[in-house]
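# Chain and residue survey
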Amino acid sequence: MIVETGHYALVLALVMALAQSIIPFLAANRQDQALLRIAPRTAIATFILVAVSFVALTWAYVTSDFSVLNVLQNSHTSKPLIYKITGVWANHEGSMLLWILILALFGASVSAFGGNLPPTLLARVVGVMGLIAFGFLLFILLTSNPFERVFNPPLDGQGMNPLLQDPGIAIHPPFLYLGYVGFSVAFSFAIAALIEGRVDPAWARWVRPWTLAAWVFLTAGIGLGSWWAYYELGWGGWWFWDPVENASFMPWLAGTALLHSAIVVEKRDALKSWSIFLAIIAFSFSLLGTFLVRSGALTSVHAFATDPTRGVFILILLCLTVGGSFALYAWRAPTLKGGGLFQPISREGALVFNNILLSIAAAMVLLGTLYPLLLETVTGEKISVGEPFFNMTFVPIMTPVIIAMAIGPLLPWKRADLFAAIGKLKIAIASVVVVVLVTFWLSGGPAFALFGMGLAIWLFVGSMIEWANRIKLFREPLGTSLRRMRNLPRAAHGTMLAHVGVAIVVAGITGSQAWTTESVQSLAVGESTEIAGYTFELSALREYQGPNFAAREGTVTVSRPGEAPVLLYPEKRVYTVEAMPTTEAGIRSSFTGDIYAVLGDQDSSGKWVTRFYVKPMIPWMWAGGLVMVLGGLMSLSDRRYRVGAPTRSHKTSPAAKSALPAE
Amino acid sequence: MTIWIIITAVTLLVAGYVLWPLRHPHRAAGTPDNGNNTDDDAVPDELTRDLAVYRDQLDEIGRDIERGVLSGEQATAARIEVQRRILATDQRIQDRAGKTKPGGAAIVRPIVAGFVAISILAGLGLYLDLGSPQTPDRPIVSRADEIAAIRASQQQDQSRQGALNRAVADLSNRLIENPDDLEGWELLGNSLMALGRPEDAQTAFLETIRLSDRSGDYLAMYAESVIRSNTGQITPAAYSALQEAADTTSRDPRIPYYLGMYEAQNGDGAAAVERWIVLVNNAPADANWLPMVLGRIDEVARVEGIDLTGRITLAPSAARGPSEEDMKAAAEMTPEERAAMIEDMVGRLADRLAENPDDPDGWVRLMQAYMVTNRPEQARTAYQDARTALAGQPDILERLDDIARDMGVPAG
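Residues numbered from 1 in each chain as written. Chains lettered and ligands numbered in written order. Predicted model: local features only at pLDDT ≥ 70, side-chain atom pairs only at ≥ 80, totals over all residues. Heavy atoms only, no water.

Time to look at the overall build of chain A. Along chain A, the regular secondary structure elements total 20 helices and ten strands. Taking 26 Å as the expected radius of gyration for a compact globule of 663 residues, we find that chain A reaches 27 Å, a close match to that expectation. Considered along the principal axes of its C-alpha atoms, chain A spans approximately 90 × 75 × 70 Å. Of all 663 residues assigned to chain A, the portion counted as buried reaches 61%. Counting contacts in chain A only where the partners sit at least 6 residues apart, residues at least 24 apart contribute 73% of the total. (Helix = DSSP H or I, 4+ residues; strand = E, 2+ residues; numbered from the N terminus. Rg over C-alpha atoms; globule rule 2.2 N^0.38 Å. Buried < 20%, exposed > 50% of the residue type's maximum accessible area, 1.4 Å probe, protein only. Contact = heavy atoms within 4.5 Å.)

As structure tokens, then:
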């Protein structure tokens, strides 16, 4: 009954999404007050219904209700509770339901918090989101229904991919989807603005917090995904330029560009048409990612079930959304009036520079992802566009971005003096020289490592200088600086943190790429090997039974002269229901880097195949990602995003009255 | 029932919530709500909203001067720019105010309400198509009895197997002393088959063949044990036994079934399907092997692209003879009452066959009933009627003749 209630709620959500895609446009066109008030209600109703159906499906998972086909195929009674819950989205149908839930959540949030938006704009935004929700609800109900029932349910399910039975990957999809789908808000604002024929600083101010929220979630989602790949897949890599990873990276690049161009729209009333374009592109990339993963065009860890009808359905949705929005763009964008003018060397100029390069980077990733697919479709030839292509194209594009990132925030709006700005960066230039020399002295290279470390320190110190200037650190008494720091808009702290985060990520990538030491060997218990100054000893082996797996756990003692030894516990597990082996790496992270051990199988001589890595600086990458997320959150909490929402007059009036002297 | 209450409640709640703002049909479109309305819809007008943004921008220019990012001259320029935007906003709002066209709400609102209602009905239809409203939830904790039943039946299987093993041991000992016991060998063979030891069963069935002077039934059993030992492959030994059995009078269904399998395994699926169709069309409706053979026919026919429409005419299962109640009742009757009941049943069967004569199984049962009640003349009449009724189906006639001969129905 709970299951069927969930199923009905999902169908009713489709009905509400249909209402949501028609009534708001009608309301906005006719300026009908009552209909304008219905518009947000349709979005809230859609969200509540999708939430009911999501809860119902989760309930079916938690109670192991195998009369639901989706539960039967993806769950098992012996799974720990947490993976019964995360199992809801560790499969095609459930993950699409999560996708829609998040889309509906954004639609409802815009409706609930959009009281300060012009009602017609709000209605049109809600309407566009309704159209997207309708398309995807139709998709899920007709091709991927998670509520399909089984009439003679077996007493146990078929289990879940053990690679996905991991806390990191469990929360990765919700974050990633919050990011992907979050761009639907910016997209809807863009489409609504095109329909209204109006983009102004106020519009940019409404779009930015949503874009920023989506960006924060997407950054966190990508970070979690790469972290999971690093410790779970067991070969120490963290990014493979896998098409599915690229699918999340492209909207991130476009979203980052949008975040910056929206600043220009807000502050300077310029770059309007371009920002609209980026908003459309960012969400189109999200849809493209969904298509690539769900259509079976790709095979990867992420492509759960693939089915041609689903692919065709999503391709049609993709073409309608992307094609329709670009057609609208081509028709309406020329009518948008440009605003403030600016010189090439200015804050705006720097942001345009950033935008152009980020867009080129996104285009390169798109090319590298789609070219092999197109080639295979047309000629049947299979090629792999791998790391070399991306390294060769990506690094030259991102280097100027990072150099400019330190300078841009120091430039004033409209027109600026580049040399004055660079002059403020004297300390940064000095730090680069010192760091490069120290790096060379400590490691002797390689050249790209010196280059990468130099870039990282440049950006790090540059971002700090800009922030220090704002609070007049060391130029005024410390007390004054602290007061200024408190008064500084939170967005300024956010900018600094996000840019510093990028610097830390660059350092982490450089360090781990340049100085990772790896060694594969067969060891008997008690034998040891030496890597990068560490002694790795396979000290013990034991076998134990987990809740739904059997495991062999090694104890690896890692020691270095003068330091206390560190114990690592790499495991090899076999999940009994799915009959699939997984490796659980033993990792010890510290400020300077990770030591990483993987236990393999027994070789012919009865020894154990082991792989050990020493990866300097690699945790910096995820720490940097975290700092970026914090920066985004800090910026999001800026009070500027909450103003422009004057308190409702009828609510404030009693308070105002009571402030008057009594008569 | 509960599900319908939930569906109704959810639907009404949602529709009510969404359409709530339509409850004042008299309020015209385009008229903003008056200020003293405590409704949830008093929103600040557009100018106020935009001005708040611009005021904040002016504040920021102040902060920029303080920071030293902007010079006084630049700040003045920036202020003028923001002020120009404020004027533009004001102008735009006034322009639009002139264009707003009120009216028409009286038509549009009912249309919207009707549209929502129709969509909800369509949604209900879609749910009825996709959903299974009557299927209850089956959480695993509520299925303890099923789990217990499976455990119990596993235990039962185990104890049955234990009993079978003991029986096999006893039987083997007896047969060592008395090797000419045909029934003993048959029982041993069947027990070994039930225990999943077809290789051992082969030996027992070879003994039955020897003792029965190569009876078709035993040849079929032997063939089956050979086939099961070879994971379903019809080996030459099994095939020759089957062929020999087919030439006997035996009507064991295993013979056509496995011969068909042989044909299917050797690329002649069409012949196999033909053979099996004859088998099932002549099968008693309650034969436990019927579903399996029907499954095979379906499977092979699909591979071979054979159209089965109208080919399979199973004996109607309603004509399965006396029901369980009838049997129970019969057990408690006096001989006279029992005779009357049988007479009644036979009469009903005869009446039905008169109406619907295309029922070979029914005819066979009628003939059998007459023979059992010692009325050979009536059996002969029934036999002749059956031959007339089934004249168009030569294979069935052939089998009918066989059966009649076996029963001892007087011919002609």
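All right, on to the nonpolar core then. Residue and element names in this part refer to chain A. One finds Met16, Trp99, Leu137, Phe189, Trp203, Leu253 and Ile276 to be the most contacted residues of the largest nonpolar core, which totals 197 residues. If one sorts the elements of this core by residue count, helix α8 (residues 201-232) sits on top with 17 residues. Leave out the neighbours within four places in its chain, and phenylalanine 189 touches Leu117, Leu121, Val125, Trp203, Trp206, Val207 and Trp210. (Core = buried A, V, L, I, M, F, W, Y, C linked by side-chain atoms within 4.5 Å.)

Next up on the list: a nonpolar patch on the surface. Taken together, the side chains of Val434, Val438, Trp441 and Leu442 of chain A define a hydrophobic patch exposed on the protein surface, amounting to about 490 Å² of accessible area. Taking the relative accessible area as the measure of exposure, valine 438 of chain A reaches 37% and is therefore partly exposed. (Patch = residues over 30% accessible without salt bridge, like charges linked within 9 Å, V, L, I, M, F, W, Y side chains within 5 Å. Areas by Shrake-Rupley, 256 points an atom, 1.4 Å probe, with all protein chains shown as cover. Salt bridge = Lys/Arg side-chain N within 4 Å of Asp/Glu carboxyl O.)

The next subject is the packing of aromatic side chains. Residues and elements named next belong to chain A. The tally for this structure, following the rule as stated, stands at 30 aromatic pairs over all chains. Relative to tyrosine 329, the ring of phenylalanine 277 lies with its centre 5.6 Å away and its plane at 45 degrees, an arrangement referred to as tilted. Separated by 52 residues along the polypeptide, phenylalanine 277 in helix α10 (residues 272-295) and tyrosine 329 in helix α11 (residues 308-332) bring together distant segments of the chain. Residue classification places phenylalanine 277 among the partly exposed residues on the basis of a relative accessible area of 25%. (Phe/Tyr/Trp six-rings, centres within 6.5 Å; stacked < 30°, edge-to-face > 60°.)

Another aspect to go through is the packing of helix α7 (residues 198-211) of chain B against helix α8 (residues 216-229) of chain B. Residues and elements named next belong to chain B. Axis separation between α7 and α8 bottoms out at 8 Å; the angle between their running directions is 160 degrees. On the basis of their axis angle, the class for α7 and α8 is roughly antiparallel. Once α7 is placed against α8, the crossing between them reads as left-handed. Taking contact as the criterion, the partners of Pro198, Glu199, Ala201, Gln202, Phe205, Leu206, Thr208 and Ile209 in α7 are, on α8, Tyr218, Leu219, Met221, Tyr222, Ser225, Val226, Arg228 and Ser229. (Axes fitted to C-alpha atoms, helices over the stretch in contact; angles between N-to-C directions. Parallel < 35°, antiparallel > 145°, perpendicular 65-115°, else oblique. Left-handed = near helix turned anticlockwise from the far one by under 90°.)

The next subject is the confidence of the model for chain B. Residue and element names in this part refer to chain B. Predicted confidence across chain B gives a mean pLDDT of 79, with 83% of residues reaching 70 or more. Ranking the helices and strands of chain B by mean pLDDT puts helix α1 (residues 2-19) first, with 91, and helix α13 (residues 324-331) last, with 59. Contacts for the low-pLDDT stretch residues 28-44, under 50 throughout, to residues beyond four places or in other chains number 27 contacts. ipTM for the predicted complex: 0.80, alongside a pTM of 0.71. (pLDDT = per-residue confidence, 0-100.)

Working note: regular strand, side chains alternate between the two faces of the sheet. Residues and elements named next belong to chain A. Of the strand pairs in this sheet, strand β2 (residues 528-531) and strand β3 (residues 534-545) are connected by four bridges, and their pairing is antiparallel. Pairing of serine 528 across the sheet is with glutamate 537, part of β3. In textbook terms, the turn of a hairpin is the stretch between consecutive antiparallel strands, and for β2 and β3 this stretch comprises two residues, one of which, alanine 532, has a positive phi near 45 degrees. Relative to strand β4 (residues 549-559), β3 runs antiparallel, the two sharing ten bridges. In the strand pairing of β4, glutamate 543 is matched with arginine 552. Turn length for the β3-β4 hairpin, with the two strands adjacent in sequence and antiparallel, is three residues. (Pairing = 2+ DSSP bridges.)

All names here are of chain A. Read across the sheet, four strands follow the order β1-β10-β9-β8 without closing on themselves; strand pairing throughout is antiparallel. With partners counted over all chains shown, the strands left at the sheet margins are β1 (517-523) and β8 (586-590), one partner each. Strand-to-strand, the axes of this sheet are offset by a mean angle of 10 degrees, without reference to chain direction. As paired elements, β8 and strand β9 (residues 593-602) share five bridges and run antiparallel to each other. Bridging from a neighbouring strand, arginine 588 pairs with isoleucine 595 of β9. Strands in contact with α8 are β8, β9 and β10 (608-616); relative to β9, the strand with the most contacts, it is inclined by about 50 degrees.

Take the environment of methionine 617 of chain A next. All names here are of chain A. Tracing the sequence through the fold places methionine 617 in the loop between β10 and α19 (618-636). The buried category is assigned to methionine 617, whose relative accessible area is 10%. Not counting the four nearest positions on each side in its chain, methionine 617 is found in contact with Met453, Ala507, Gly508, Gly511, Trp515, Thr592 and Gly593.

The next point concerns the side chain of serine 64 of chain A. By the element assignment, serine 64 of chain A lies in the loop between α2 (33-62) and α3 (69-74). Dropping the residues within four chain positions of it, serine 64 of chain A is found in contact with Val71, Thr77 and Lys84 of chain A together with Arg138, Pro139 and Ile140 of chain B.

Attention shifts here to unusual backbone geometry. With a phi close to 70 degrees, methionine 617 of chain A is a non-glycine residue in the positive phi region. Phi at aspartate 213 of chain B takes a positive value of approximately 60 degrees, unusual for a residue other than glycine. In this structure aspartate 213 of chain B comes out as exposed when scored by relative accessible area, which is 65%.

The next point concerns the side chain of histidine 7 of chain A. Tracing the backbone shows histidine 7 of chain A in helix α1 (residues 2-30). A relative accessible area of 1% means that histidine 7 of chain A is categorised as buried. If sequence neighbours within four positions are ignored, histidine 7 of chain A has contacts with Leu141, Asn145 and Phe147 of chain A together with Tyr127, Leu130 and Gly131 of chain B.

Time to look at the pattern of salt bridges. For the coordinates displayed, the defined rule picks out 24 salt bridges over all chains. Across the salt bridge formed by arginine 380 of chain B and glutamate 377 of chain B, the nearest N and O atoms sit 3.2 Å from each other. On the criterion of helical spacing, the pair formed by arginine 380 of chain B and glutamate 377 of chain B is a turn pair, its members being three residues apart in helix α16 (residues 376-389). Given a relative accessible area of 48%, glutamate 377 of chain B falls into the partly exposed group. Each of Arg205, Arg208 and Glu266 of chain A takes part in one network of salt bridges that share partners.

Residues and elements named next belong to chain B. The interhelical angle for the contact between helix α5 (residues 144-177) and helix α6 (residues 182-194), taken along N-to-C directions, is 150 degrees, at an axis separation of 10 Å. Viewed along their axes, α5 and α6 adopt a mutual orientation that is roughly antiparallel. Viewed along their axes, α5 and α6 form a crossing whose handedness is left-handed. Listed contacts from α6 to Leu164, Val168, Leu171, Ser172 and Leu175 of α5 are Gly184, Trp185, Leu187, Leu188, Ser191, Leu192 and Ala194. When the residues that make up the contact of α5 with α6 are grouped by side-chain class, the tally is nine nonpolar, three polar and no charged. (Nonpolar A, V, L, I, M, F, W, Y, C, P; charged D, E, K, R; others polar.)

A few words on the environment of alanine 27 of chain A. By the element assignment, alanine 27 of chain A lies in helix α1. Between the C-alpha atom of alanine 27 of chain A and that of isoleucine 403 of chain A, which follows or precedes it by 376 residues, the distance is 48 Å.

All names here are of chain B. The terminal C-alpha atoms of helix α11 (residues 269-281), which comprises 13 residues, lie 18 Å apart, in line with the 18 Å expected from a rise of 1.5 Å per residue. For α11, the set of buried residues is Gly269, Ala272, Val273, Trp276, Ile277, Leu279, Val280 and Asn281. In the core, the buried residues of α11 are packed alongside α10 (254-265) and α12 (290-304). (Expected span 1.5 Å × (residues − 1).)

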